[in-house]
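Each chain is listed here by its residues.
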Amino acid sequence: MRILVTGGAGFIGSHYVRTLLDGAYPDHGDTRVTVFDKLTYAGDRGKLPEPHPRLTFVQGDVCDADALLAALPGHDAVVHFAAESHVDRSLASAREFFTTNVLGTQTLLDCCRRTGVDRIVHVSTDEVYGTIDEGSWTEDHPLLPNSPYAASKAASDLAVRAYFRSHDLPVMITRCCNNYGPYQYTEKVIPLFVTNLLSGRDVPLYGDGLNVREWIHVDDHCRAVQLVLENGRPGEVYNIGGGTEITNRELTKQLLELCGEGWDRVRHVTDRKAHDRRYSLDDTKIRRELGYQPAIAFEQGLADIVKWYRDNRDWWDKTTR
Ligand code: NAD
C-alpha cells in the first residue's frame with residue numbers, strides 16, 4: 001500500500017508517519033509513505049525518520065495542483081493533515097488560513113478525484129463546532145466556528161462533504177480535540193508553558209483561565225485516524241475525544257507542579273478574542289463503529305511530555321523566540 005500524507009512534517013502528521021513506519025499499525029509492514037509538505041514555519045524534516053527505505057519526502061504546497069498531480073499517482077490513500085493550525089496567528093492574519101485550509105483542501109480533493117485515490121481522511125478539529133456550555137457535541141451539531149482558524153477548517157469540512165456528495169469521492173472527516181505530544185511547535189499552550197518554565201520564563205494565562213479544553217495524546221489521535229482510514233465509511237464524520245476535560249487554570253497548575261515551579265510564575269494576560277469557553281466531544285460513534293478508545297491517561301501522558309521537552313531541548317530551542 002502507498003499512503004500520501006500532507007503536512008507530514010508537522011506535529012501530528014509526523015507522529016502518524018513515524019508510527020506507521022515503526023510498524024505500530026497491523027498489516028502495514030510494507031506500506032510506503034510519501035510526505036507532501038510545504039515546510040512552513042511549523043514543518044520540520046527533523047521530525048521524520050530520514051533516510052528510511054519506505055519514506056519519500058516531497059516539498060510542495062497543497063494549493064499547487066501541478067505538484068499534487070505529479071505526486072499523487074500510484075497512491076492508494078491520502079491522509080490530509082496539512083493546515084495553518086494556530087488560532088492566535090489566524091487572529092493576527094487570516095489570509096494564509098483560508099488559502100491553505102480551504103483552497104488547499106479543495107485543490108487536494110480535486111487532484112484525488114482526478115488521480116483516483118481509493119480512500120482519503122480529512123483531519124479536522126472540534127473547534128468547528130464553536131463553544132458549548134453543557135453537554136457534548138455529536139457529529140450532527142451545526143458548525144458554528146468563532147475564530148478565523150476554526151472558520152477555515154469548517155469551510156474545508158464543507159468542501160469535503162460536497163466532493164463526497166457531488167463526486168462520490170471516498171473521503172472521511174475526523175474532528176479531534178486538543179492534542180499534546182512530542183515535537184509540538186512551541187506556540188501551542190502545553191509546549192509553550194513547559195519550555196517557558198524550563199527556560200526560567202513566566203507563563204501567560206489567558207483571561208480567568210477557566211476555559212475548558214478536552215485533551216488527547218497525539219498517539220491516540222493518530223491511531224483513531226488510522227482506524228478511520230481503514231474502516232470508516234466514506235462521507236461520514238468521526239469525532240475523536242480524549243476523555244479528559246480540564247480548565248486552562250488546572251492545566252497550568254499541573255504543568256507548574258511537573259516543572260517544580262509555583263503560581264508566581266503565572267502572568268495573567270488579556271483574553272484571546274472570541275475565546276471559546278468550553279469544548280467537549282461526544283465520540284460514541286467512533287467507539288461503537290470502529291472500536292476506538294484512548295489508551296494514554298492524561299496525567300501519565302503529561303508527565304511523559306514534560307520529560308520529553310526536558311530531554312529534547314536541542315529540537316525546541318530553535319523554535320522558541
Ligand atoms: P502543525 O501546524 O504542527 O503542522 C502543519 C503542517 O502542515 C506543517 O508541517 C506545515 O509545513 C504543513 N503545511 C502548512 N501549509 C501547507 C501547505 N499549503 N501545503 C503543504 N503543507 C503545508 O499542525 P498540527 O498541529 O500537526 O495539525 C495537523 C492537522 O490536525 C491540522 O489540519 C489541524 O487543523 C488538525 N488538528 C490539530 C489539533 C491540535 O491540537 N494540534 C487538534 C485537532 C485537529
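Up top is the structure these notes are about.
Chains are numbered independently. Their residues run from 1 in the order of the written sequence. For a predicted model such as this one, the threshold for reporting local features is a pLDDT of at least 70, and the threshold for listing and counting side-chain atom pairs is 80 or more; totals across whole chains, interfaces and linings nevertheless cover every residue. Just so you know, side-chain values use all the structure's heavy atoms and leave hydrogens and water out.

**Q** For the layout of surface pockets, give the residues involved together with the corresponding values.
**A** One number sums up the size of the second largest pocket: a volume of about 340 Å³. Mapped by element, the contributors of at least two residues to the lining of the second largest pocket are α5 (148–167) and β6 (171–176). Each helix is a run of H or I in the DSSP string that is no shorter than four residues. Each strand is a run of E no shorter than two, and both are numbered from the N terminus. Sorting elements by how many residues they give to the lining of the second largest pocket places α5 first, with six residues. Class assignment for the residues of the lining of the second largest pocket results in eight nonpolar, three polar and eight charged. Residues are said to line a cavity or pocket when one of their atoms sits within 4 Å of a point; the points come from a 1 Å grid over protein atoms alone, cavities being sets where a 1.4 Å probe fits but cannot get out and pockets being open sets with protein on both sides within 12 Å along at least five of seven lines. Grid points are joined across faces, edges and corners, and a volume is the space filled by probe spheres set on the points. By the convention adopted, Pro, Cys, Tyr, Trp, Phe, Met, Ile, Leu, Val and Ala count as nonpolar, Lys, Arg, Asp and Glu as charged, and the other residues, Gly among them, as polar.

**Q** Quick one: what's the story with the sheet that holds β6, residue by residue and with numbers?
**A** DSSP calls a pair of strands paired once it identifies at least 2 bridges connecting them. With respect to topology, seven strands assemble into an open sheet ordered β3-β2-β1-β4-β5-β6-β10, the strand pairing being parallel. A strand with exactly one partner marks an edge of an open sheet, and here the two such strands are β3 (55–59) and β10 (237–240). Looking at each pair of strands side by side, their axes are set apart by 20 degrees on average, direction ignored. As paired strands, strand β1 (residues 2–6) and strand β4 (residues 77–80) are joined by four bridges and run parallel to one another. Among the inter-strand pairings, valine 5 is bridged to a residue of β4, identified as valine 79. Any two residues whose heavy atoms approach within 4.5 Å are treated as being in contact. What counts as an axis is a line fitted to C-alpha atoms, over the stretch in contact for a helix, and the angles between N-to-C directions run from 0 to 180 degrees. In this fold helix α1 (residues 11–21) packs onto β1, β2 (32–37), β3 and β4, with an angle of close to 160 degrees to the strand it touches most, β1.

**Q** Describe the side chain of asparagine 101, and please don't skip the residues or the numbers.
**A** With respect to the secondary-structure elements, asparagine 101 resides in helix α4 (residues 95–115). To sort residues, take the accessible area from a 1.4 Å probe on protein chains only and compare it with the maximum for the residue type: under 20% means buried, over 50% means exposed, and anything in between is partly exposed. Under the relative-accessibility criterion, asparagine 101 is labelled buried at 1%. Beyond its immediate chain neighbours, meaning those up to four positions away, asparagine 101 contacts Ala83, Glu84, Glu96, Tyr149, Ser152, Lys153 and Ser156.

**Q** Lay out unusual backbone geometry in plain terms, naming residues and giving numbers.
**A** In this chain, glutamate 50 is followed by proline 51 through a cis amide linkage whose omega measures -5 degrees. The phi dihedral of tyrosine 183 is positive, around 65 degrees, even though this residue is not glycine. Considering the arrangement of structural elements, one finds tyrosine 183 in the loop between β7 (178–180) and α6 (189–198). By relative accessible area, which is 18% here, tyrosine 183 ends up buried. Phi at alanine 274 takes a positive value of approximately 50 degrees, unusual for a residue other than glycine. Inspection of the secondary structure puts alanine 274 in the loop between β12 (266–269) and α9 (284–290).

**Q** Report on the site of the ligand, specifying residues and quantitative values.
**A** Residues are classed as near a molecule or strand on a simple rule: at least one heavy atom within 4 Å of it. Lining the immediate surroundings of the ligand are 28 residues, of which Ile12, Asp37, Ser85, Tyr149 and Lys153 lie closest. Distance and chemistry together define a polar contact, namely a pair of N or O atoms within 3.5 Å, with one atom able to donate a hydrogen and the other to accept it when in protein, and with adjacent residues in sequence counting only for side-chain atoms on both sides. One nitrogen or oxygen atom from the main chain of threonine 40 is found 3.0 Å from an oxygen atom belonging to the ligand. In this structure, an oxygen atom belonging to the ligand sits 3.4 Å away from a main-chain N or O atom of valine 123. Taken together, the elements giving at least two residues each to the shell around the ligand come down to α1, β5 (119–125), α5 and β7. Here the element with the most residues in the shell around the ligand is β5; it accounts for three residues. Tallied by class, the residues present in the shell around the ligand amount to 13 nonpolar, eleven polar and four charged.

**Q** Hey, could you go over the environment of leucine 55 for me, with residue numbers and the actual values?
**A** Structurally, leucine 55 can be placed in strand β3. You can call leucine 55 buried: its relative accessible area is 10%. Each C-alpha atom of the pair leucine 55 and arginine 95 lies 32 Å from the other, and the pair is 40 residues apart in sequence. Leaving out residues up to four positions away in the same chain, leucine 55 has contacts with Val17, Leu21, Val33, Val35, Leu48, Pro49 and Glu50.

**Q** Can you tell me about the nonpolar core, naming the residues and giving the values?
**A** Remark: nonpolar core denotes a set of buried residues (Ala, Val, Leu, Ile, Met, Phe, Trp, Tyr, Cys) joined through side-chain atoms within 4.5 Å. Among the nonpolar cores identified, the biggest contains 64 residues, and Tyr16, Val17 and Val79 are the most heavily contacted of them. Looking at this core element by element, the count peaks at seven residues for helix α7 (residues 218–231). For tyrosine 16, the contacting residues outside a window of four places in its chain are Ile3, Val5, Tyr25, Val79, Phe81, Cys222, Val225, Gln226 and Leu229. Judged by nonpolar contacts, the second largest core, of 23 residues, contains Val194, Cys259, Val266 and Ile305.

**Q** Account for the packing of aromatic side chains, with residues named and values stated.
**A** The aromatic pairing rule takes the rings of Phe, Tyr and Trp, using the six-membered ring of Trp, and pairs them if the centres are within 6.5 Å, calling planes under 30 degrees apart stacked, those over 60 edge-to-face and the rest tilted. Here the structure, examined in full by the defined rule, presents twelve aromatic pairs. Ring geometry for tyrosine 183 against tryptophan 308: centres 4.9 Å apart, planes inclined by 65 degrees, an arrangement best described as edge-to-face. A residue pair is termed long-range when its members are at least 10 positions apart, and tyrosine 183 in the loop between β7 and α6 and tryptophan 308 in helix α10 (residues 298–311) qualify at 125 residues. Look at tryptophan 308 and tyrosine 309: their rings are 4.9 Å apart centre to centre, the planes differ by 80 degrees, and that puts the pair in the edge-to-face class. Taken together through their ring pairs, the aromatic side chains of Tyr183, Trp308, Tyr309 and Trp315 make up a single cluster.

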